[in-house]
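# Reading the structure
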Amino acid sequence: MNVLSADELEARLRDIGARRYHRLHPFHHLLHGGKCTKGQIQAWALNRYYYQAQIPIKDASLIARCTDPALRREWRSRLVDHDGESATDGGIARWLALTTALGLDHDYVVSLRGLLPATRFAVDAYVHFVRERTVLEAVASSLTELFSPVIIGERMEGMLRGYDFVTRDTLAYFDKRPPQAQRDSEFALDYVKRQAMTPEGQQAVLAALEFKCDVLWAQLDALYHAYVAPKHVSPGAFIPADQEQS
């Protein structure tokens, strides 16, 4: 692989998203198309909570070993976005409001007792990747945020239209995410384009984004297998009331 120009590298990164981002997954087509049961949506929200809760841990691990103060200053805003300034603020609190609005018990969600093992393994793999790989690869792995505003728009529109038990208040988490994701992804993309100056570095950046897409895809694979078909729920994991009756 020859050295790519900054524009060529960006085009390669965006092509990965076009082919591999999880908005293409069959589970999301069901979710956004109004075709999920309430129990399937509960399972999605419960399992996704673990990803949301681990994001600031992932980001803190990047900051802890980053020698560039400019990068640390920029990255710490992500901690505030997710953790908030108090227990009732921030993305994690808003996600828990979503799970509560869907009828899940708060303490049960945060206990992680109902988590699918594959969800835990996929999310933990992402945290370990950011903790153990180069800072450049860690930053590049966040670039799925380039594609998240589109999926959020689809989700808001589709779920509000498709489910009578979902309201705009239920989905309040997503109101703040598009501008946050745009800000964060623009910074990360600029950083990657400036720092990845060798064929090896550019290949590592591309592989990091592919890995992150795989992490997101694997979580939906687990949900589909457990709650759509063939409905093989892992021992101890959450079983929706409507799946118990089926």
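Residues numbered from 1 in each chain as written. Predicted model: local features only at pLDDT ≥ 70, side-chain atom pairs only at ≥ 80, totals over all residues. Heavy atoms only, no water.

## Let's talk about helix 3 (residues 38-64)
Helical periodicity: at 3.6 residues per turn, an α-helix aligns residues three or four positions apart in one direction. In a regular helix each residue adds 1.5 Å, so 27 residues correspond to 39 Å; helix 3 covers 40 Å between its end C-alpha atoms and thus fits that length. Burial runs high along helix 3: 23 of the 27 residues are buried. (Helix = DSSP H or I, 4+ residues; strand = E, 2+ residues; numbered from the N terminus. Expected span 1.5 Å × (residues − 1). Buried < 20%, exposed > 50% of the residue type's maximum accessible area, 1.4 Å probe, protein only.)

## Description of the environment of Asp15
By secondary structure assignment, the location of Asp15 is in helix 1 (residues 6-20). In this structure the C-alpha to C-alpha distance between Asp15 and His25, which are ten residues apart in sequence, comes to 16 Å. One polar contact links Asp15 to Arg19, side chain to side chain, over a distance of 2.7 Å. (Polar contact = N/O pair within 3.5 Å; in protein donor to acceptor, adjacent residues only side chain to side chain.)

## Some remarks on the environment of Met1
Along the chain, Met1 falls in the segment before helix 1. Judged by its relative accessible area of 44%, Met1 is partly exposed. The contacts of Met1, once residues within four sequence positions are left out, are Arg12, Pro199, Gln202, Gln203 and Leu206. (Contact = heavy atoms within 4.5 Å.)

## Examining unusual backbone geometry
Ala229 connects to Pro230 through a cis peptide bond whose omega is 5°. Here the phi dihedral of Leu112 falls at roughly 65°; this positive angle occurs in a residue that is not glycine. At Lys231, a residue that is not glycine, the phi angle is positive and equals roughly 65°. Inspection of the secondary structure assignment puts Lys231 in the loop between helix 11 (199-227) and helix 12 (241-244). What makes Lys231 partly exposed here is its relative accessible area of 37%.

## Re the pattern of salt bridges
Counted under the stated rule, the structure contains 16 salt bridges. Asp184 serves as the salt-bridge partner of Arg78, at 4.0 Å between the closest nitrogen and oxygen. Within this pair, whereas Arg78 is found in helix 4 (residues 69-83), its partner Asp184 is found in helix 10 (residues 173-195), the two being separated by 106 residues in sequence. We note that Arg78, like Asp184, is buried. Overlapping salt bridges, with partners in common, bring together Arg78, Asp81, Glu145, Arg177, Arg183 and Asp184 in one network. (Salt bridge = Lys/Arg side-chain N within 4 Å of Asp/Glu carboxyl O.)

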